[in-house]
Amino acid sequence: MSEPLLSVRDLGKDYTSRGTKLTILRAISFDVGRGEVVGLVGESGSGKTTIGRSVLRLVEPSAGSVRFDGTELTSLSSSAMRRLRPRMQYIFQDPFASLSPRMTIGEILTEGLKIQGVGTARERLDRARAALEQVDLPTDAVNRYAHEFSGGQRQRIGIARALTLAPEFIVADEPVSALDVSIQAQVINLLRELQQGLGLTMLFISHDLAVVEYICDRVIVLYLGRIMEIAPSAALYARPLHPYTRALLSAIPSPDPDSPRHRQILKGDIPSPADPPSGCVFRTRCPNALPACGETVPELREMKPGHFKACVRDDLN
Amino acid sequence: APARAATLSGGFDVGPGGFQGNFNPLAATGGFTWLSVYFEPLVTYDEKLEKVVGQLASSYEVSPDQTTYTFKLADAKWHDGKPFTAKDAKFTIELAKNAKTGSVLAARLNAVSSAEAKDDKTLVIKLSAPSASLMDALTKVMMLPEHALSQIPADQLAKNSWWSTAPIGTGPFKFSKYVTDQYVELAANTDYRGGKPALEKIINRYFANPAAAIAALRAGEIQFTYVDSNDLKAFNDNKDFRVIEGNSFVVNYLGFNHDSPIWKDIRVRQAVMYAINRDAIIQSLYGGAAKPANCAYIADQVVPAGIETYAYDPEKARQLLKEAGWDQINGDKPITLLTYYTTPLAANVMAAVQAMLAQVGINVTPRAVDTPTYNSIVLNPTPDIAQFQMVYAGLQNGPDPGSINVGLNEKQIPPAGPNVARVRMPVLTSALDAALSETDAAKRSARYQEVCKVMNKELPWGPLWVAKRYGVASAKLKDFIWTPAPGGGPYQAHPEKWAIAE
Amino acid sequence: MLARSPARSPGPIVRSLHRFLLNRTALLGLCMIALMIVAILSYPLWWSFKPNDIDLLAMNAQPGPTHWFGTDGVGRDILARVLDGGRISLLVALTSTVISAIIGFLIGAVSALAGRWADAVTMRFVDLVMTLPPVIFLLVLASIAGTGIWPTVFVISLLSWPLLARMVRARLLELRERDFVMAARGMGAGLPHLLLRHGLPNSIDILVVFATLQIANAILLEAGLSFLGLGIAPPAASWGNMLNAARSTAVLEQYPWQWLFPGGFLVLAVLAINFIGDGLRDAFDPRAELN
Amino acid sequence: MLQYSLRRLLIGAGMLFALSMLIFVMLRLTPGDPIDAYIDPNVPMSASDLAELRVTLGLDQPLPVQYVAWLRQALLGNLGYSIKRPDQPVLGLVLSRVGPTVLLMGSAIAIAIIAGIATGIVSAVRRNSIADLSLSVLAVTGISSPPFLSALVGLYLFSVYFNWMPSGGMLTPGQEFSVADLLHHLILPATLLAVAQTALIMRYMRASMLEVLNQDYVRTARAKGVFEFWVITKHALRNALLPVITLIGSTIGLAIGGAIFIESVFNWPGMGLLMVDAVEGRDYPVIMGSTLVIGACVVVVNLLTDLAYAVVDPRIKVG
Amino acid sequence: MDAIPHTADTILDIKGLRTVFRIRSGEVTAVNGIDLSVAAGETLALVGESGSGKSVTSLSVMRLLTRNIGAIAAGSIHLKRKNGAVSDLVSIAEPEMRAIRGNDIGMVFQEPMSSLNPVYTIGDQISEPIRIHRGADRKTAMDAAVALLDSVGIPDARRRAGQYPHELSGGMRQRATIAMALACDPTLLIADEPTTALDVTIQAQILALLQRLQRERGMAMLFVTHNLGVVAEIAHRVAVMYAGRIVETGPVAEVFRNPRHPYTIGLLASMPKLGDASRMKQAGERLAAIPGVVPSLMNMPAGCAFQPRCKFAIDDCRVAVPPLADVNPRHQSRCIRWQEIR
Ligand SMILES: Nc1ncnc2c1ncn2[C@@H]1O[C@H](COP(=O)(O)OP(=O)(O)OP(=O)(O)O)[C@@H](O)[C@H]1O
Ligand SMILES: Nc1ncnc2c1ncn2[C@@H]1O[C@H](COP(=O)(O)OP(=O)(O)OP(=O)(O)O)[C@@H](O)[C@H]1O
Ligand SMILES: [Mg+2]
Ligand SMILES: [Mg+2]
């Protein structure tokens, strides 16, 4: 593989909330190769969105480096960043909150072009129509408002908006979790097709491992702001190495009445970032935790080619 | 209850003569109606404001050269029981002459070269030159106790809290308390030399808004207040109240700014006079309670016969303007008519004047501002003519007719004095100077008649009228004397006789 | 979900209009204001009295067949003055409301969207302006600006924006975190774009409430200004300075028509603008079609 | 929380400093100075008198010198003497007004809060009913009534015609102090002062209540079988109060200004009256002093609203 | 989960329920003649896409539809109460209904954050129904609340009772709302998507908790969800809703193994299946999706509501709404071609 399109090193993010410092992300490092789809999974509050937004500098990272196509983003001036923005776009989780209720779909879809000063009003509208066609929506939607569309349709509009600027890289933040199953399948298929058709590079964020499998080449598993495991999809689903990944997979309910059921129910809740456990952050809920887990923060180690995990217990492999 | 009946409450500081919140007679530019209930001057005006009579001075003599005044003092006692002596009088006059005390009388007492206590009951005042206005000035000098104030340095005197906490005077009532911004309460001075007062208490209530004073009067909470003439209607035919009418001693006029070229031509000034239907305004807006003025005066003895009456004649006004070439001088350009009167009545007057002048082609725009703003505009040595071409104002014209001097004498043009119209008329100045230096009372009226004549002819101002002013007292109030004197007096009000019927 | 059949749908402006017309009280308000404006503009054609003509013989006349609304203290016709004054009052109120809305919105929006420092500085400034005693502020401003309609508008505008700035700021601080604003930033949007394309439409309801309150406030402030010799120069009428006549107890008690009519018109105008404001808010909110 | 309050007060002190400077400059820009205010145009006074007065009052000094002199004294707790009433120190003058102002404003705000919230709830719960509509019309009338007019009308109605209320002042002159007497004097001005504020609070309360009534937790409360009355007064009200608290807090500074008319009509010895008087007299030290005291009140009130917010909403932690 | 025999006594019995909403442009029928029944100890899952009328059904049972907007237009809802009496919730008076809410029926909502009042403590909110329905004093009610918190598996219950909702994690909040719903030992628990907002690991905890509680208390449970996996996990029987109607109903295992309505089939097929993706990716297969969207209530297609999205649709489908046909006595499908489709 040539140089990755996106290369994140030691990314950290702190928030100060009411005087206490919250370390939301610590030492996050990963690459996304050109044309690759990388999944980012983890429970709510684990920092998935924060990573996605830090990478695009929609929030300012507190530490680390983000290189996009060889350019260091974290130190870029805001005007240079603005010029670079069309090349990287974001798709939001909530199809209701991510479309302005007061703009027509046409206005929403041409907004980016207008900001970037692309074309005349007519040309921009034509591109908006083209983008609507790309996501299988009628072109006369340009005169309507977001609330007149169903969740799935809105998510398509969100996708169309990201596509109008013809980006190379897209961060899709839980694009299907707010949708019904039947619609979710439509959108997953759409994203997959677009990604393949346009050769997009994508960071796909989800909390649903079952969805991630359909679309991603590689998967990063996140817990409380730390990477637990990175692996190619096939390897991960075939044989997860980290106890957390295993627990996540086993918790997914299956509709198949005949499938065997051996739930492994994790105890307790995800700890607060204000007061993270020492050592391995997962140890408080880990069924395989040892006293030693509280002492050192486990390194991310390559167990098999391309398959990393951050767990001291090699006996579980 | 009898205690209640023996208490008189009033709005003594409401209206133009009042000065709410001031307790210091040395700093008083008004409010004497109230101050003279517990302080007394050596001399005061009589009830009609016609002549100066003795108050704490039982009699006085003037030397033939008019420079030595000898006062015999009455047998009075301070409220704390100490006797009032000539030393107190000397002390007071010296305080009043000393501007460091914050005295506003200093300039008016300029002519006084010394004040000496010849004995306990005799005060001698010597003048550097004869002064016709000395007695008028002395009516405002309220006697102050030396034994209470001599310890205080002159420049600290005004800041001392004595004035509002424990003042003592010689008047029929004694200060008993001041409730901040609410009222001042006095109690009867049973030792008063003029006899024990009929009332036990007298309360001066403060009103920030004249309408509120009227409400209190109608609600029976107070028994007296000043009332604007256009608010009289409710009292006129009401037998529960007695309306007291008095001369305001203030002449209202339209002051032409003589620095502005538009008034140069006397025909323009005459046109203004002919254009305004003063009789109609007096009849309808003042309800007849004013007298047209054709110079600064209306008092018979100072108004000569046969002067021009400037009867309403818009045709003539138009004619005069045409002759003067008003179209070239100013034409339709708006002329600001500045005033510090902000009452509803004044607003109506201004509206009427504006409409009447518009009829003949003079386009004025009334502008009412607060007093400080007004003063800062008109007293400015180099005023902005555009802001200030004409004023609607008033000036005290009595009881001493010399009062108008400062508003008309060329020597009083700001910053030297308040000749805000910048009147530069040598004839008028010399007429005024002559009248002022005339110490012979008999000849004085003739001198002032001359002043009136000049004013009537030359029109340094457009004189309008002298309005009446009113107070309304409850019909239960007996032997109550009040008159709307400028600055509130002082005059012989005899508060010790005031009484309330059951 | 309201997924309509993909028939051609009309443009956003037409639909805003449609939403506005759906609102019955807004239409009522519009009618009231329209009637008022027509009366104000056309009264010289059908009403024989002029607003500034005095008639000392007919002063303080009661409402009757000749003077429908009676006359004032110098015999001017109240109806003519109310209508003439409406012209000035509405002009002053509307323009100053628009100007102060613009100032307040811009300051609030910049404070919310332009970063921490801008926020701290502008908010302290707003605090300062809000603690300044209005009388002093008025005196200074007015002595600089002078009298007449435009200075009055200027003074009133400068006095009224701080509260709005605060409300807009609060709203936009919240908006700033919304996904669709984030999306705009992700496409490279700068401050002007965020301000106009997102800040403004989403502050409409605040602006509408502000405007309806401010209209009344401006008319009353104008009345207050004339106490200080500022505001509208007499003899020109305005509702505010007509109300001032009620300071005289005689007018207050005996000639109530002199203040009741201008007061009534003021209330009607504010009420109508209130109704229209509600309608506009709905018209600008595409979701209002739902129910 | 204590630390937070202290920090806020410190910032407030900085603001007061800026305010004093601003007012000082503005005062010199206002037309007319104390001397101009002293002169009654009807009564002649000579120019030399005035010049002397000017020197006595220190008005002949250059501006920065005057300010520094004032500031030095102010930091020592001496706000100078009133020009118009030279026998009274400004600090005492101002402080003696704080009590009555707080009493009047406090009762007015209390009335406004209670009435505004109650009517706001009614019109939200009975949305679009006749009651709602008439309350709206009343609110608009309240908002568009000039304060001086409502004060005068109120005064004439209740004190002259019905003779129920005293016509002004804080206590009956010449009588011993009694709470009943004070309340009797207080109730009318406080109620009239509350009118506009009530209308404003009502409008906001209504909007806020409508919003809250649609919240899930209100439905939850109903699902528990809570009486409708308690659903509204316990579950919805406290949440709906939050935006209203902000409104009340940020309009209090303005309300002090609105009290001017009421105070002058009812002769209530408060800050507003003092301020008007001082402005009319261009009494610089009193204006400075009372502005600072009002400013300090605003700082404190803002802090209190933030603290109140934290009390009503446990999610907010100050400090 | 195995179906329990349907002979057990029926707690909730809904017949022909029709619920309408008044909106600006007229009236819409959100729930159109549904029949449901739940027995003691039984869990009935109501599944369907967003907007299909699941929540409206549960709110109709509670009679908590937005006043003046939503109303029950027809049908009956019989509830067997704790005291053994059977009431028709459609016709009883409001005070009586209020006595039932929180007492005979407990309800758990989807969003644990927004359905808890942010300004009162957890303990206060849980003890409220006890105070209302049992007339307990504050102290007793609070003790009961702590015991409830303990029974839903919240450690350190006494301290937690004194905390506010925002101080709890999402899972704990949902446990608290469950405790609140169970406070008065209801005979029927309605859970409207109680796990949708939660993480899978927490969802697993909550589902286990609900199962345990139901077993312990023997109550009937109406469980609303759109997640078929959750249905398989927790329910005995399932009713699939589409556009306000029940399109298929039966025991979970049977319906999932042998679905007889195209909509159910589509739903099951569009669930991403763990471990299946790699195979599909290699084969270049797409995830099976149902085309189109749920129809708007305001313009319902003629005949079968699902027909525009249905690949089995024939002309007859557009003629009339198909009746519920018996696949077997306990399994019904609202499809005229149920026999042909597989
Ligand atoms: N502006 C902020 N200030 C303080 N804390 C924040 C802020 N934004 C996010 N956080 C905290 O950062 C953590 C990670 O948030 P993030 O939104 O990245 O999680 P997520 O993995 O995307 O979760 P979800 O699945 O719920 O979207 C959370 O604990 C959140 O509370
Ligand atoms: N208050 C209301 N006013 C008007 N229509 C309503 C109202 N509440 C619900 N509806 C309509 O009723 C229909 C059914 O809604 P319901 O909330 O029962 O769906 P649901 O199946 O619970 O969906 P979800 O999975 O999104 O919760 C929807 O089309 C909705 O638009
Ligand atoms: Mg997220
Ligand atoms: Mg629902």
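What counts as what
Residues numbered from 1 in each chain as written. Chains lettered and ligands numbered in written order. Predicted model: local features only at pLDDT ≥ 70, side-chain atom pairs only at ≥ 80, totals over all residues. Heavy atoms only, no water. UniProt positions renumbered as here; feature names shortened; annotations may be inferred. Near = heavy atom within 4 Å. Polar contact = N/O pair within 3.5 Å; in protein donor to acceptor, adjacent residues only side chain to side chain. Areas by Shrake-Rupley, 256 points an atom, 1.4 Å probe, with all protein chains shown as cover. Helix = DSSP H or I, 4+ residues; strand = E, 2+ residues; numbered from the N terminus. Nonpolar A, V, L, I, M, F, W, Y, C, P; charged D, E, K, R; others polar. Phe/Tyr/Trp six-rings, centres within 6.5 Å; stacked < 30°, edge-to-face > 60°. Buried < 20%, exposed > 50% of the residue type's maximum accessible area, 1.4 Å probe, protein only. Lys NZ or Arg CZ within 6 Å of the ring centre and 35° of its normal. Disulfide = S-S within 2.5 Å. Contact = heavy atoms within 4.5 Å. Buried area = accessible area lost by both parts, 1.4 Å probe. Salt bridge = Lys/Arg side-chain N within 4 Å of Asp/Glu carboxyl O. Pairing = 2+ DSSP bridges. Axes fitted to C-alpha atoms, helices over the stretch in contact; angles between N-to-C directions.

As recorded by an unreviewed UniProt entry, chain D carries the name Oligopeptide ABC transporter, permease protein and is attributed to Rhizobium etli. Annotation of chain D in UniProt includes, under Sequence similarities (unreviewed entry), the sentence "Belongs to the binding-protein-dependent transport system permease family." Recorded in UniProt under Subcellular location (unreviewed entry), the annotation for chain D is "Cell membrane".

For chain A, an unreviewed UniProt entry supplies the name Oligopeptide ABC transporter, ATP-binding protein and the organism Rhizobium etli. Per its UniProt entry, chain A bears the Subcellular location (unreviewed entry) comment "Cell inner membrane".

**Student:** Even after reading the chapter, I still don't get the site of ligand 1, so can you show me in this structure?
**Tutor:** All names here are of chain A. What surrounds ligand 1 is a group of 13 residues, the closest being Ser-44, Gly-45, Lys-48, Thr-49 and Thr-50. Gly-45 places a polar main-chain atom, nitrogen or oxygen, 2.8 Å from an oxygen atom of ligand 1. Within the backbone of Ser-46, an N or O atom sits 3.3 Å from an oxygen atom of ligand 1. For ligand 1, the protein covers 65% of the area, taking 640 Å² as the surface of the free molecule. Take the shell around ligand 1: its biggest share by element is 3 residues, from helix H1 (residues 48-55). Classifying every residue of the shell around ligand 1 gives 3 nonpolar, 7 polar and 3 charged.

**Student:** I would appreciate a short explanation of the packing of aromatic side chains in the present structure.
**Tutor:** Within a pair of aromatic rings, the relevant descriptors are the distance that separates the centres and the angle that separates the planes. Enumeration over the complete set of coordinates arrives at 47 aromatic pairs over all chains. Judged by centre distance (4.6 Å) and plane angle (35 degrees), the rings of Tyr-340 of chain B and Tyr-341 of chain B are tilted. Taking the relative accessible area as the measure of exposure, Tyr-340 of chain B reaches 8% and is therefore buried. With a centroid separation of 5.3 Å and an interplanar angle of 65 degrees, the aromatic rings of Tyr-263 of chain E and Phe-306 of chain E are classed as edge-to-face. Of this pair, Tyr-263 of chain E sits in helix H10 (residues 262-270) while Phe-306 of chain E sits in the loop between helix H11 (277-283) and strand E11 (325-328), and the two are 43 residues apart along the sequence. Summarising the burial analysis for this pair, Tyr-263 of chain E and Phe-306 of chain E share the class buried. A network of ring pairs unites the aromatic residues Phe-12, Phe-23, Trp-34, Tyr-38, Phe-39, Phe-175, Tyr-178, Tyr-206, Phe-224, Phe-480, Trp-482 and Trp-498 of chain B as a single cluster. In this arrangement the basic side chain of Lys-13 of chain A is found over the ring face of Tyr-15 of chain A, its NZ or CZ atom lying 4.8 Å from the centre. The side chain of Arg-238 of chain D reaches across the aromatic face of Tyr-120 of chain E, ending 5.0 Å from its centre.

**Student:** What is the right way to look at the state of the cysteines in this model?
**Tutor:** Put plainly, two cysteines are in a disulfide when a covalent bond ties their sulfur atoms together. Inspection of the entire model under this criterion finds 1 disulfide over all chains. In this structure Cys-335 of chain E is not part of a disulfide, and its nearest cysteine sulfur, from Cys-317 of chain E, lies 6.1 Å away.

**Student:** What exactly am I supposed to notice about the interface of chain B and chain D here?
**Tutor:** For an interface, size is often stated in terms of accessible area lost upon the parts coming together. Between chain B and chain D, the contact holds 59 residues from the first and 52 residues from the second. Summing both partners gives a buried area of about 4,400 Å² for chain B against chain D, and 53% of it is carried by carbon and sulfur. It is Asp-181, Gln-182 and Pro-372 of chain B in chain B that bury the most area against chain D; as a group they hold 12% of the surface buried on that side. Summed over the shared surface of chain B and chain D, the number is 2 salt bridges. Ionic pairing is found between Arg-282 of chain D and Asp-370 of chain B, a salt bridge with its closest N-O pair at 2.9 Å.

**Student:** Sorry if this is basic, but what is going on with the pattern of salt bridges here?
**Tutor:** Between side chains of opposite charge, a pair can form when the charged atoms approach closely. Summed over all chains, the structure comprises 63 salt bridges over all chains. The partner of Asp-265 of chain B in a salt bridge is Arg-267 of chain B, with the nearest N and O atoms 2.9 Å apart. The salt bridge partner of Arg-237 of chain E is Glu-42 of chain E, with a shortest N-O separation of 2.5 Å. In this pair, Arg-237 of chain E is assigned in strand E9 (residues 237-242) and Glu-42 of chain E in the loop between strand E2 (26-39) and strand E3 (43-48), connecting sequence segments 195 residues apart. Summarising the burial analysis for this pair, Arg-237 of chain E and Glu-42 of chain E share the class buried. One continuous salt-bridge network, built from bridges that share partners, spans Lys-224 and Lys-234 of chain D together with Asp-124, Glu-128, Arg-131 and Arg-138 of chain E.

**Student:** How do you make sense of the sheet that holds strand E1 (residues 6-17) of chain A when you look at a structure like this?
**Tutor:** All names here are of chain A. The antiparallel open sheet is built from 4 strands, whose spatial order is E2-E1-E4-E5. The sheet terminates laterally at strand E2 (20-32) and strand E5 (71-72), the two strands that pair on one side only. Where E1 meets strand E4 (residues 63-68), 5 bridges bridge the pair, whose relative direction is antiparallel. Residue pairing for E4: Ser-7 is matched across the bridge by Arg-67. Contacts from H1 reach E1, E2 and E4, with the element oriented near 65 degrees to E2.

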